[in-house]
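# Secondary and tertiary structure notes
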Amino acid sequence: MIATSSLQQDPVTIPVRPFGPVVRSVAGYGLLLALMFISPLFVFVPAAIFHCGIRHRRWATVGALAIGTALAGLLALQTGRGPAAGTDALMGYSYLAALVLAVAIPALLVLPMVERSEAFGRVLVTALLASLVGLAVTELGTQLITGISPYREQVVRAHQTAAKFVTTYKEAGMPSDAVGTLGRWMDVGISCLPGFFLIDVALVFVLSLVMFGRVKAWRQFVTTREAAGAATTTPYLFRNLSLPEWLLFAFVIGGMTPLATGILQKVAANVLAIVVFLYLLQGLAIFRSLLVAVGAGFMGVMFGYLVLAFLTITGIAPLLLSIAGLFDSFFDFRHFRRKDHSDESHPH
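These notes cover the structure that comes with them.

Conventions we followed
Residues numbered from 1 in each chain as written. Predicted model: local features only at pLDDT ≥ 70, side-chain atom pairs only at ≥ 80, totals over all residues. Heavy atoms only, no water. Axes fitted to C-alpha atoms, helices over the stretch in contact; angles between N-to-C directions. Helix = DSSP H or I, 4+ residues; strand = E, 2+ residues; numbered from the N terminus. Parallel < 35°, antiparallel > 145°, perpendicular 65-115°, else oblique. Left-handed = near helix turned anticlockwise from the far one by under 90°. Contact = heavy atoms within 4.5 Å. Nonpolar A, V, L, I, M, F, W, Y, C, P; charged D, E, K, R; others polar. Core = buried A, V, L, I, M, F, W, Y, C linked by side-chain atoms within 4.5 Å. Buried < 20%, exposed > 50% of the residue type's maximum accessible area, 1.4 Å probe, protein only. 1 Å grid on protein atoms, 1.4 Å probe; cavity = no way out; pocket = protein on both sides within 12 Å on 5 of 7 lines; lining within 4 Å. Points joined across faces, edges and corners; volume = space filled by probe spheres on them. Expected span 1.5 Å × (residues − 1). Phe/Tyr/Trp six-rings, centres within 6.5 Å; stacked < 30°, edge-to-face > 60°. Salt bridge = Lys/Arg side-chain N within 4 Å of Asp/Glu carboxyl O. Polar contact = N/O pair within 3.5 Å; in protein donor to acceptor, adjacent residues only side chain to side chain. Patch = residues over 30% accessible without salt bridge, like charges linked within 9 Å, V, L, I, M, F, W, Y side chains within 5 Å. Areas by Shrake-Rupley, 256 points an atom, 1.4 Å probe, with all protein chains shown as cover.

At a minimum axis distance of 10 Å, the contact between helix α12 (residues 262-293) and helix α13 (residues 298-314) shows a crossing angle of 150 degrees. Here α12 lies roughly antiparallel to α13, going by the angle between them. Crossing of α12 against α13: the hand is right-handed. Contacts between α12 and α13 involve Leu 284, Phe 287, Arg 288 and Leu 291 on the former and, on the latter, Val 301, Gly 304, Tyr 305 and Leu 308. Taken together, the residues of the contact of α12 with α13 sort by class into six nonpolar, one polar and one charged.

Okay, the nonpolar core next. Membership of the largest hydrophobic core comes to 58 residues, with the highest contact counts inside it found for Leu 33, Phe 37, Val 45, Phe 50 and Leu 278. Those elements giving two or more residues to this core turn out to be α2 (19-37), α3 (45-55), α4 (58-79), α5 (87-115), α6 (120-146), α9 (193-212), α11 (247-254) and α12. Top element by residues in this core is α5. It accounts for 10 residues. In contact with Phe 37, not counting residues within four places along its chain, are Val 45, Leu 65, Gly 68, Thr 69, Ala 72, Tyr 95, Leu 96, Leu 99, Val 100 and Ala 104. The next biggest cluster of nonpolar side chains, apart from the first, holds eight residues, and it includes Ala 158, Ala 162, Ile 190 and Leu 193.

Before going further, it helps to examine the layout of surface pockets. It is a probe the size of a water molecule, rolled over the atoms, that shows where empty space is left. Taken as a whole, the largest pocket spans an internal volume of roughly 1,200 Å³. Around the largest pocket, the lining is made up of 41 residues, and of these Leu 135, Pro 194, Gly 195, Phe 197 and Leu 198 lie nearest the centre. Among the secondary structure elements, those contributing two or more residues to the lining of the largest pocket are α5, α6, α7 (150-171), α9, α11 and α12. For the lining of the largest pocket, a count of residues per class yields 31 nonpolar, six polar and four charged.

A few words on helix α8 (residues 176-191). Compared with an ideal rise of 1.5 Å per residue, which puts 16 residues at 22 Å, α8 spans 23 Å between its outermost C-alpha atoms and is within 8% of the ideal. Turning to α8, the residues buried within the fold contact α7, α9 and α12.

Moving on: unusual backbone geometry. Positive phi is not limited to glycine here, since Ser 117 has a value of about 60 degrees. Considering the arrangement of structural elements, one finds Ser 117 in the loop between α5 and α6.

A separate point is the packing of aromatic side chains. This model, assessed by the stated rule, comprises six aromatic pairs. Relative to Tyr 95, the ring of Phe 42 lies with its centre 6.4 Å away and its plane at 80 degrees, an arrangement referred to as edge-to-face. On the criterion of sequence distance, the pair formed by Phe 42 in the loop between α2 and α3 and Tyr 95 in helix α5 is long-range, its members being 53 residues apart. Using a relative accessible area of 43% as the deciding quantity, one classes Tyr 95 as partly exposed.

Moving on, we come to the pattern of salt bridges. Under the defined criterion, the tally for this structure stands at three salt bridges. When the shortest N-O distance is used, the salt bridge between Glu 115 and Arg 58 registers 2.6 Å. Linking Glu 115 in helix α5 with Arg 58 in helix α4, this pair joins segments that are 57 residues apart in sequence. By relative accessible area, Arg 58 is classed as partly exposed at 44%. Arg 122 is the partner of Glu 118 in a salt bridge, and the nearest nitrogen-oxygen pair spans 3.7 Å. In this structure Glu 118 comes out as buried when scored by relative accessible area, which is 17%. Here the salt bridges do not stand alone but share partners, grouping Arg 116, Glu 118 and Arg 122 into one network.

Assignment of secondary structure puts Leu 108 in helix α5. Separated by 50 residues in sequence, Leu 108 and Arg 58 place their C-alpha atoms 8.3 Å apart. When sequence neighbours within four positions are dropped, the list of residues in contact with Leu 108 reads Ile 49, Thr 61, Val 62 and Leu 65.

So, on to the side chain of Asp 328. If you trace the backbone, Asp 328 turns up in the loop between α14 (316-327) and β1 (331-332). A polar contact of 3.5 Å, which involves the side chain of Asp 328, links it to the side chain of Gln 282.

What follows is about a nonpolar patch on the surface. Where nonpolar side chains cluster on the molecular surface, the patch consists of Leu 31, Leu 35, Ile 38, Ile 67, Leu 71, Leu 74, Leu 75 and Leu 77 and spans about 680 Å² of accessible area. Counting residues per element, the ones that place at least two in the nonpolar patch are α2 and α4. By residue number, the principal contributor to the nonpolar patch is α4, which donates five residues.

Attention now goes to the packing of α5 against α7. Across the interface, α5 lies against α7 with an axial gap of 11 Å and an inter-helix angle of 120 degrees. Taken together, the axes of α5 and α7 lie oblique to each other. Between α5 and α7 lies a crossing whose hand is left-handed. Two secondary-structure elements touch here, α5 through Thr 87, Asp 88, Met 91 and Ser 94 and α7 through Pro 150, Glu 153, Gln 154 and Arg 157. Of the residues belonging to the contact of α5 with α7, the class tally is two nonpolar, three polar and three charged.

It is worth stressing that arrangement in space is one thing and function is another; only the former is reported here.
Set out below in structure tokens:
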């Protein structure tokens, strides 16, 4: 009995890897991050940072990020030189800076939350808030260093693309009323560009968290926590995505868009775009959890997604999913009861 109690009181030590293999592993992560920064694989940058942070310590993750940023920066400098270098090259540098400041560093900041297995939605929203600061720093820093505004350049290019679309539809014989409506909607979309940037970042973190929840290092980390007697969960399955309830206040602020004017209207519209997209994601998570709850097999899941795709084409599914995600703050659809239900057996 005494031996058992003493074993329970002894702390569980995590094996320390030799310094040499750790350095090689960190260098490998740095090279991997550099390749991700300059390729479409940037969507998994947070996953690589989480994986490195769980396998090693946070200082090692900082070192890997520094190596990856330096290598990607050197490559960007080499490819940006020559007679064709100009605004496009500077936009390429600002794009790399945005990836580091609005994706990689926010992932590093939420790494302790991931280590504590905090809720999917809380990690996602915290990362988005940090990304907002990173995008602002990128914009201001680029203006101060180069005199070019990345946001203004994106707006100009978006207007040029919109004008080409309008011209194409006019030449195709589309009615003038329809062309005018299309042009107005494109103007609204251009005014919400900052919101769309954060939507892209949200997708990056969702994909990375879902991927990270299935990798070997996470399973080893969970096993270590189990050995230490800590409660373990699997929060980073997509069906477990549940947004913080305070996000409803952001939805109310965004809903004031029609009542506002000027810059306040643009800010409210961007807030509304981000929040509606997040609730759409939560609605998809609810749909996924229901498929799991009813025990749908492979064919059942495929049929469910085919129906969802058809309803998406008709425009019904996004509306229904967003409403479900919004009202999940009041009703726990994944457990078919109100969140304030007094039954103590209800899992939280």
